[in-house]
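Spelled out, the chains give:
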Amino acid sequence: MDAEASPSRSISSQLRGALSACRDAFAHLPRLALDIALPTLCVSCREPVDGEGVCAACWAKLSFIAPPFCPRLGIPFVYDPGPELLSMEAIATPPAYQRARAAVRYDDVARTLVHSLKYQDRTDLAPAMGRWMARAGQELLAEADVLVPVPLHWRRGWSRRYNQSGALARVISRQSGVKLATEALRRIRPTQQQIGLSRPQRAANVQGAFKVAPERMADIQSRRVVLIDDVLTSGATTDACARALLRAKATQVDVLVFARVVDSHRAPI
């Protein structure tokens, strides 16, 4: 009886496999048609690209940050000054956070990537950018308990529809396995955009703008936090966020960003 039923079961299994393959093929047809009709373009030079939005030529123009760099701020050095030597900026104005790391310098291609993710709904760029960040921040992520994205005020979040820092943080959380606390830190008052402001104006603009939600204190207290953002410029926003997290009794706050502004005239001392 079993021997007679076996060929029937085998044919049935083969039919189910064939039907499943057909379903998968049909499911990908809309995406295939869209790719043919609207090929992905490089966000920088607008040439067709097969992948994640950056062609090989523009990828080569990205200036990835690698040692030697300031162990506190992650600012790249022109030459290796020796272990644990800090940049002049880290000594003159030490931040509230412990360490900062960035994947790339904020140059033309990096700026285009950031602006496309931030203002043009190019959420498809977040996976690649987040993976580059996870690689640059391995040292921080290995010691981290929780990831916290820099939050938007709810009004700006409503108009922009998503938080680019949150999109990057989700990718990094999947890559690293570090827990994500998206709602722990809140921007409790709207702030002016930092573009065009001087360093003192930037600091004043974000002073007191961030607070850990009372119901999320347990996510932060006695935790080593890595703060996630897209760009580090003057450091005013990340510093204000770090102070809010430390007030909530975080053990330590580090910062991981996609790109940072680098003053090429700075030197280690």
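The structure contained in this document is the topic of the report that follows. (Residues numbered from 1 in each chain as written. Predicted model: local features only at pLDDT ≥ 70, side-chain atom pairs only at ≥ 80, totals over all residues. Heavy atoms only, no water.)

### A word on the overall build of the protein
Right, so step 1: Counting secondary structure elements, the protein contains eleven helices and seven strands.
Right, so step 2: Residues classed as buried in the protein amount to 43% of the 269 residues present.
Right, so step 3: Across the protein, every contact between residues at least 6 apart in sequence was considered, and the portion connecting residues at least 24 apart equals 74%.
Right, so step 4: When the accessible surface of the protein is totalled, it reaches about 14800 Å², and 55% of it is carbon and sulfur. (Helix = DSSP H or I, 4+ residues; strand = E, 2+ residues; numbered from the N terminus. Buried < 20%, exposed > 50% of the residue type's maximum accessible area, 1.4 Å probe, protein only. Contact = heavy atoms within 4.5 Å. Areas by Shrake-Rupley, 256 points an atom, 1.4 Å probe, with all protein chains shown as cover.)

### Let's talk about the sheet that holds strand 7 (residues 252-260)
Right, so step 1: In space, the five strands of this open sheet follow the order 1-7-6-2-3, with parallel pairing throughout. Looking at which strands have only one partner, the edges of the open sheet turn out to be strand 1 (100-105) and strand 3 (179-180).
Right, so step 2: Examined bridge by bridge, strand 2 (residues 146-149) and strand 3 share two bridges and lie parallel to one another. Looking at strand 3, one finds that Val146 is bridged to Lys179. (Pairing = 2+ DSSP bridges.)

### Focus: the packing of aromatic side chains
Right, so step 1: Evaluation of the coordinates by the stated rule reveals three aromatic pairs.
Right, so step 2: On the numbers, 6.1 Å between centres and 25 degrees between planes, the contact of Trp132 with Phe258 is stacked. In this pair, Trp132 is assigned in helix 5 (residues 126-136) and Phe258 in strand 7, connecting sequence segments 126 residues apart.
Right, so step 3: What makes Trp132 buried here is its relative accessible area of 12%.
Right, so step 4: Cluster of aromatic residues (ring-pair linked, three or more members): Trp59, Phe64, Trp132 and Phe258.
Right, so step 5: In this structure, Arg111 packs its charged tip against the face of Tyr106, placed 5.1 Å from the ring centre. (Phe/Tyr/Trp six-rings, centres within 6.5 Å; stacked < 30°, edge-to-face > 60°. Lys NZ or Arg CZ within 6 Å of the ring centre and 35° of its normal.)

### Description of the side chain of Ser173
Right, so step 1: Turning to its location among the elements, Ser173 is positioned in helix 8 (residues 164-176).
Right, so step 2: On the basis of relative accessible area, Ser173 is assigned to the buried category, the value being 15%.
Right, so step 3: The residues contacting Ser173, other than those within four sequence positions of it, are Leu147, Val178, Lys179 and Leu180.

### Focus on the nonpolar core
Right, so step 1: If you look at the biggest cluster of nonpolar residues, it comprises 38 residues, and the most contacted ones within it are Leu113, Met129, Met133, Ile172, Ile228 and Phe258.
Right, so step 2: Top element by residues in this core is helix 5. It accounts for six residues.
Right, so step 3: Sequence-distant contacts of Met133, defined by excluding residues within four places in its chain, comprise Ala103, Leu168, Ile172, Ile228, Asp229, Leu256, Val257 and Phe258. (Core = buried A, V, L, I, M, F, W, Y, C linked by side-chain atoms within 4.5 Å.)

### Considerations on helix 11 (residues 236-247)
Right, so step 1: With twelve residues, helix 11 extends 17 Å between its outermost C-alpha atoms, agreeing within 8% with the 16 Å of an ideal straight helix rising 1.5 Å per residue.
Right, so step 2: For helix 11, a buried count of nine out of twelve residues is recorded, marking the element as mostly surrounded by other parts of the structure.
Right, so step 3: Of all the positions in helix 11, only Ala236, Thr237, Thr238, Asp239, Ala240, Cys241, Ala242, Ala244 and Leu245 are classed as buried.
Right, so step 4: Positive backbone phi, approximately 75 degrees, marks Lys249, located one or two places after helix 11. (Expected span 1.5 Å × (residues − 1).)

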